[in-house]
Every structure is written in structure tokens, then in C-alpha cells.
Amino acid sequence: MAGFINYISESYNELRNHVTWTPWAEAQRLTIVVVVFTVIFSLAIWGIDTVFSNVIEQYFNWVKS
């Protein structure tokens, strides 16, 4: 149990004193970039999926008739 407490204590010390944290303004800016990219990418995937879905549906309608 002492090893676990030592691990937690050293981890906290490392995070508190030795990690360089991104400034808050930069973190917000990068978060916005990620959100915008995610929205654009998801819309592109949705568009491609819709087109392929329609193409496959048309193909099966053509084969069926």
C-alpha cells in the first residue's frame, strides 16, 4: 500500500511542478479548431454516406426491375 501512496504522491508532484501546461487562451483556441474540424469532417462523412446510399439504392432498384 505504501508503494501506491508513493506513486500517487510522485505523480501529483510531477504534474504540479514538472509539466508545462498549455496557456488557457491557446487551449481554448485549439479546442475550437478541433471542434470545427470535427464538424466539417462529420458533415463530409455524412455527405459521402448519403451519396453512396443513394447510389446503392438506385443500383438495387435498377437490378430489381
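The shown structure was predicted, so the numbers you read here are calculated from the model rather than taken from an experiment. Residue indices follow the written sequence of each chain, beginning from 1 at its first position. Local features are withheld for residues below a pLDDT of 70 in this predicted model, meaning they are given only at 70 or higher, and side-chain atom pairs are given and counted only at 80 or more; totals for whole chains, interfaces and linings count all residues. Neither water nor hydrogens contribute to the side-chain values; these are computed over all heavy atoms in the structure.

Draft legend 1. Examining the overall build of the chain more closely. Only DSSP runs of H or I covering at least 4 residues are called helices, and only runs of E covering at least 2 are called strands; the numbering of each starts at the N terminus. Broken down by element type, the chain carries two helices and zero strands. The C-alpha atoms of the chain give 25 Å as radius of gyration, which overshoots the globular expectation for 65 residues (11 Å, by more than 25%). For the C-alpha atoms alone, the extent of the chain along its principal axes is close to 75 × 35 × 10 Å. Exposed residues in this analysis have more than 50% of their type's maximum accessible area, buried residues have under 20%, and partly exposed residues fall in between, with area computed by a 1.4 Å probe over protein chains only. Burial status across the chain gives 0% buried among its 65 residues. When the accessible area of the chain is evaluated, it comes to approximately 6400 Å², of which 69% is carbon and sulfur surface. Here the globule rule reads 2.2 Å times residues to the power 0.38, and the radius of gyration is calculated from C-alpha atoms. Areas reported here follow the Shrake-Rupley algorithm with a probe of radius 1.4 Å; residue values treat only the protein chains shown as occluding.

Draft legend 2. Geometry of helix α1 (residues 2–17). Over its 16 residues, α1 extends 22 Å from the first C-alpha to the last, a length consistent with the 22 Å expected when each residue adds 1.5 Å. The buried fraction of α1 is low, at zero of 16 residues. Here a helix's expected span is defined as the number of its residues, less one, multiplied by 1.5 Å.

Draft legend 3. Fine view of a nonpolar patch on the surface. A surface patch of nonpolar side chains, amounting to about 980 Å² of accessible area, comprises I48, V51, F52, V55, I56, Y59, F60, W62 and V63. For I48, the location among the structural elements is in helix α2 (residues 24–64). A relative accessible area of 45% places I48 in the partly exposed class. Excluding any residue in a salt bridge, patches collect residues exceeding 30% relative accessible area, merging like charges within 9 Å and nonpolar Val, Leu, Ile, Met, Phe, Trp and Tyr side chains within 5 Å. Take a side-chain nitrogen of Lys or Arg and a carboxyl oxygen of Asp or Glu: if they are within 4 Å of each other, that pair is a salt bridge.

Draft legend 4. The environment of I56, seen in detail. In this structure, I56 sits in helix α2. For the pair I56 and E10, spaced 46 residues apart in the sequence, the C-alpha separation amounts to 57 Å.

Draft legend 5. Here's a closer look at the packing of aromatic side chains. Pairs were defined over the aromatic rings of Phe, Tyr and Trp, the Trp ring being its six-membered one, requiring ring centres within 6.5 Å. Orientation was assigned from the angle between planes: stacked under 30 degrees, edge-to-face over 60, tilted for the rest. Scanning the model with the defined rule gives three aromatic pairs in all. For the ring pair F37 and F41, a centre distance of 5.8 Å and an interplane angle of 15° mean the geometry is stacked. Taken as a pair, F37 and F41 lie in helix α2 at a separation of four residues, close to a single helical turn. Judged by relative accessible area, which is 56%, F37 ranks as exposed. Exposure remark for F41: the relative accessible area of 48% places this residue in the partly exposed category. Every member of this aromatic cluster is reached through a ring pair, and the members are Y59, F60 and W62.

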